[in-house]
Amino acid sequence: MKRTKRLLFWLLLVGLVGWLASHSQPGRAQETAPYYVVQPGDTLSNIAYRLGVDLQQLAQANDITDPSRIQVGQKLVIPNLEGVQGEIAARPAIFGENLTSLSRGLGLAPTLLARLNHLVSPAQIFAGRSLLMPRAAADQNAFHHADLVGAESLLAFGLSHGQNPWAVALLNRLPGTWAALPGDTLFLPGERDASAPVAFPQGVDVQVHPAVWVQGRTHEVRVRAPEGSQIGGRYDAQALHFFPFEAEQWVALQGVFALATPGLYPLQVEVRFPDGRAFRFQQALQVQRGQYAFERLHVAASLLDPALNKKEYQDFANLAAPATPTRYWEGRFRAPVAPPLDTCHPSYFGTRRSYNDTFFWYHTGLDFCGRVGTPIYAPADGVVVFTGQTKIHGWVTMIDHGWGVYTAYCHQTAVLVEKGQRVHAGDLIGKVGRTGRVTGPHLHWEVWVGDVPVDPQEWLEKVYP
Ligand SMILES: [Zn+2]
């Protein structure tokens, strides 16, 4: 009994001394310790991974016993991060930012940025990479941001800011458009703050829209350079075709192959100044997975011919390869069929398809409902570059809209235009049919950009460039 009382006394004394020690320097360590605020879609293990700390240490430092019970907005103290104070936030790196430009522009020591982001080599800063930095620096520039108010959904938020909700979700690394919560500060894609710390020489700027590229989408690379410059570039193995857009501004449109392996791809831009000097910049760009469905199809073996499929894809690619310097189109594309069929889609672009479990491909266009004879209209101005009959796609028309943008119309019952003919938006160009390998009449409509089929719906919703 005596012994227990003595033990209790000592325990209390040790506790009191400990409490006094921790409170003699009024809470300094606790107030300034670096912390991270839990974001939508975060899990404790992905936070630990991104912060480069041990999961168990992170849980212990924050008295977390059940990692599944962290909440959005919760402050997490980051252990073992000396020399950093206050909130640590993430923002995506943009094309043109490197370790030097970031540390200069944000006023942060390169060693701090390197330590926070576990950078071993400066090349690890690729466009779209989520970079950790003090909150003040993350908010300083690079992207406009806005707060999600009240019960506004990300869809409504995207629309009210003139942005594609999916692009907003991707930029903010949300797993879906449903994952944003009221009060969240979200980065918006689009025109970047002029003070963004990029590594371009004076008079040159390169902007990439959106910051993170996505399978099957259309992307813009805009270059500002002195009048009389020559602009070139590459995305992976594909040459970019730049065309003058506004004064001292050029733009290239480029699609990403819908089955491209997600990961890093080199984007290179070269500016040749009027005096002969040249500037070249290359940085890795992140390509993310698109949101596409998967379907398993069973067709008669006699109709399945992967070699023929590849051949017709290549024929289309050959037609869509040249980038005509004239831009024929203006504004958004119109749907190629009249209402109410313009919103009736038996199949969407990008759907992954497994044929008889032996051949894997994807849906390269957007399908519209229609009967045999339903009129097809040109979605924009252009020049017809091909009309003819193919085995899989039936009767096909292909229109060149300039700058490497093409549209194709498949399975037609009648083609009403000729090769070389100039067409205008709204012109009758053909009739829906069921020619080629189809199960019923419909219009299979393709949009090609930079020699790659892209999601046509973006062209119906957005103005390029
Ligand atoms: Zn189709």
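Look above for the structure.
Quick caveat: nothing in here was measured; it's all calculated off a predicted structure.

What counts and how
Residues numbered from 1 in each chain as written. Predicted model: local features only at pLDDT ≥ 70, side-chain atom pairs only at ≥ 80, totals over all residues. Heavy atoms only, no water. Salt bridge = Lys/Arg side-chain N within 4 Å of Asp/Glu carboxyl O. Buried < 20%, exposed > 50% of the residue type's maximum accessible area, 1.4 Å probe, protein only. Helix = DSSP H or I, 4+ residues; strand = E, 2+ residues; numbered from the N terminus. Pairing = 2+ DSSP bridges. Axes fitted to C-alpha atoms, helices over the stretch in contact; angles between N-to-C directions. Phe/Tyr/Trp six-rings, centres within 6.5 Å; stacked < 30°, edge-to-face > 60°. Lys NZ or Arg CZ within 6 Å of the ring centre and 35° of its normal. Right-handed = clockwise from strand over helix to strand, strands pointing away. Donors = N, O, S within 2.8 Å, 3.2 Å for Na, K, Ca; no water. Tetrahedral: all angles 85-135°; square planar, octahedral: opposite > 155°, others 65-115°. Lys, Arg positive; Asp, Glu negative; His and termini not counted. Contact = heavy atoms within 4.5 Å.

### Examining the pattern of salt bridges
- If you walk through the whole model with that rule in mind, you get eight salt bridges.
- We note a salt bridge from D275 to R277, for which the minimum N-O separation is 2.9 Å. Taken as a pair, D275 and R277 share a single burial class, namely exposed.
- With a shortest N-O distance of 2.6 Å, D315 and K311 are connected by a salt bridge. Separated by four residues within a single helix, D315 and K311 lie in helix 10 (residues 306-320), roughly one turn from each other.
- Via salt bridges that share partners, E270, R272 and R280 belong to a single interconnected network.

### Overview of the sheet that holds strand 17 (residues 352-355)
- In spatial order, the strands read 16-17-18; together these three strands make up an open sheet with mixed pairing. The open sheet is flanked by strand 16 (294-297) and strand 18 (359-362), the only strands paired with a single partner. In this sheet, neighbouring strand axes are inclined to one another by 20 degrees on average, regardless of whether the strands run parallel or antiparallel.
- Pairing of strand 17 with strand 18, which is carried by four bridges, proceeds in the antiparallel orientation. By the bridge assignment for strand 18, S354 is matched with F360.

### Describing the sheet that holds strand 3 (residues 87-92)
- As summarised here, the arrangement of the four strands in space is 2-1-3-4, forming an open sheet in which the pairing is mixed. Each edge of the open sheet is held by one strand with a lone partner, namely strand 2 (75-77) and strand 4 (130-134). Going across the sheet, the axis of each strand differs from the next one's by a mean of 40 degrees, ignoring polarity.
- Sheet analysis places strand 1 (residues 35-37) next to strand 3, joined by two bridges and oriented parallel.

### Here we look at the packing of aromatic side chains
- Counted according to the given criterion, the structure contains 25 aromatic pairs.
- Among the aromatic residues, those joined into a ring-pair cluster are F257, Y292, Y313, F316, F349, W361, Y362 and W448.
- The side chain of R277 reaches across the aromatic face of F273, ending 4.7 Å from its centre.
- We note R327 situated over the ring of W329; from NZ or CZ to the ring centre the distance is 5.3 Å.

### Some points on the pairing of strand 16
- The sheet contact formed by strand 16 and strand 17 spans four bridges and is parallel. Directly across from E295, in strand 17, lies its bridge partner R353.
- In this region the chain leaves strand 16, passes through helix 10 and returns to the parallel neighbour strand 17; the handedness of that crossover is right-handed.

### Notes on the coordination of the zinc ion
- Around the zinc ion, the donor atoms from the protein are H363 (NE2), D367 (OD), D367 (OD) and H444 (ND1), and they sit 2.0 to 2.7 Å away.
- Classification of the site at the zinc ion as irregular follows from its four donor atoms and the range of 53 to 153 degrees in their angles at the metal.
- Sequence positions of the donors to the zinc ion reduce to the motif H-x3-D-x76-H. One end of the pair, D367, is in strand 19 (residues 366-369); the other, H444, is in strand 27 (residues 442-449), with 77 residues separating them in the sequence.
- A residue is classified by how much of its surface remains accessible, and D367, at 6% relative accessible area, is buried.
- With a relative accessible area of 5%, H444 lands in the buried category.

### Observations regarding unusual backbone geometry
- In this structure, the amide linkage connecting P339 to the following residue, P340, adopts the cis form with an omega of 0 degrees.
- The omega torsion of the bond from Y464 to P465 falls at -10 degrees, within 30 degrees of zero and hence cis.
- Summarising the element assignment, P465 is placed in the segment after helix 11 (456-461).
- Its identity as a non-glycine residue notwithstanding, D236 has a phi of 55 degrees, on the positive side.
- Examined against the element boundaries, D236 turns out to sit in the loop between strand 10 (230-235) and strand 11 (238-239).

### Concerning the side chain of E312
- In this structure, E312 sits in helix 10.
- Among buried Asp, Glu, Lys and Arg side chains, E312 stands out as unpaired, with K311 the closest opposite charge at 6.3 Å.
- When neighbours within four sequence positions are excluded, E312 is seen to be in contact with T390, K391, I392 and H393.

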